[in-house]
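Now for the letters of each chain:
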Amino acid sequence: MDKNMLGDLDNLPEEDKMRMSTMIDQLQIRDSLRMYNSLVERCFTDCVDSFKRKTLDKQEETCIRRCAEKFLKHSMRVGMRFAELNQGAPTPD
């Protein structure tokens, strides 16, 4: 977890800080799992056409690889853009 996220919580008791830290960690894990599940579902739906074999054929494998790369690049770009916007946002004082 990014400790800077807790910067505004300095005035809280240590027990509440730990509780907030744990909650933020759980939310980050949940969001990571959601992103992974979304990636798997989307790429599988778009790329796998039949269930005639136990393994993917070459075309399906290539499609899934490209789909996953595109999804991850997009997610990284969105995250970077969000960080850029977050850095430029005025802080409430």
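Data block above holds the structure.
Residues numbered from 1 in each chain as written. Predicted model: local features only at pLDDT ≥ 70, side-chain atom pairs only at ≥ 80, totals over all residues. Heavy atoms only, no water.

A. Summary view of the overall build of the chain. Looking only at helices and strands, the chain has 2 helices and 0 strands in total. Within the span of the chain, comprising 93 residues, buried residues form 13% of the whole. Sequence separation of at least 24 residues holds for 29% of the intrachain contacts in the chain that already meet a minimum separation of 6. (Helix = DSSP H or I, 4+ residues; strand = E, 2+ residues; numbered from the N terminus. Buried < 20%, exposed > 50% of the residue type's maximum accessible area, 1.4 Å probe, protein only. Contact = heavy atoms within 4.5 Å.)

B. Region of the structure containing helix H2 (residues 58-88). Taking 1.5 Å as the rise per residue, H2 with 31 residues should run 45 Å; its terminal C-alpha atoms sit 45 Å apart, in good agreement. Taken as a whole, H2 has its buried residues at Glu60, Cys67 and Phe71. The secondary structure elements touched by the buried residues of H2 are helix H1 (14-47). Residue Asp57 occupies the N-cap position of H2, its side-chain oxygen lying 3.2 Å from the main-chain nitrogen of Gln59. (Expected span 1.5 Å × (residues − 1). Polar contact = N/O pair within 3.5 Å; in protein donor to acceptor, adjacent residues only side chain to side chain.)

C. Summary view of the pattern of salt bridges. All told, the structure shown has 9 salt bridges when counted by the stated rule. We note a salt bridge from Glu14 to Lys17, for which the minimum N-O separation is 4.0 Å. With a gap of 3 residues between them, Glu14 and Lys17 both fall in helix H1, about one helical turn apart. Residue Glu14 is classed as exposed on the basis of its relative accessible area, which comes to 51%. One salt bridge connects Arg19 with Glu15, and the closest N-O pair in it is separated by 2.7 Å. Here Glu15 and Arg19 lie together in helix H1, a separation of 4 residues that amounts to about one turn. For Arg19, a relative accessible area of 44% corresponds to the partly exposed category. A residue is classified by how much of its surface remains accessible, and Glu15, at 57% relative accessible area, is exposed. (Salt bridge = Lys/Arg side-chain N within 4 Å of Asp/Glu carboxyl O.)

D. Spotlight on the state of the cysteines. A full pass over the atoms with the stated rule returns 2 disulfides. Linked covalently through their sulfurs, Cys43 and Cys67 form a disulfide whose S-S length is 2.0 Å. On the sign convention where negative is left-handed, the bridge of Cys43 and Cys67, at about -90° about the S-S bond, is left-handed. Placement of Cys43 in helix H1 and of Cys67 in helix H2 is noted, with a sequence separation of 24 residues between them. (Disulfide = S-S within 2.5 Å.)

E. Expanded view of the nonpolar core. Listed in full, the 5 residues of the largest apolar core are Leu39, Cys43, Cys47, Cys67 and Phe71. Broken down by element, this core gets its largest block of residues, 3 residues, from H1. Excluding residues that lie within four positions of it along the chain, Cys47 makes contacts with Glu60, Cys63, Ile64 and Cys67. (Core = buried A, V, L, I, M, F, W, Y, C linked by side-chain atoms within 4.5 Å.)

F. Focus on the packing of H1 against H2. Across the interface, H1 lies against H2 with an axial gap of 9 Å and an inter-helix angle of 145°. Of the two elements, H1 crosses H2, and the hand of that crossing is right-handed. Touching Met35, Ser38, Leu39, Cys43, Asp46 and Cys47 of H1 are Glu60, Cys63, Ile64, Cys67, Ala68, Phe71, Leu72 and Ser75, all from H2. (Axes fitted to C-alpha atoms, helices over the stretch in contact; angles between N-to-C directions. Left-handed = near helix turned anticlockwise from the far one by under 90°.)

Spatial relationships are all this shows, so hold off on functional conclusions.
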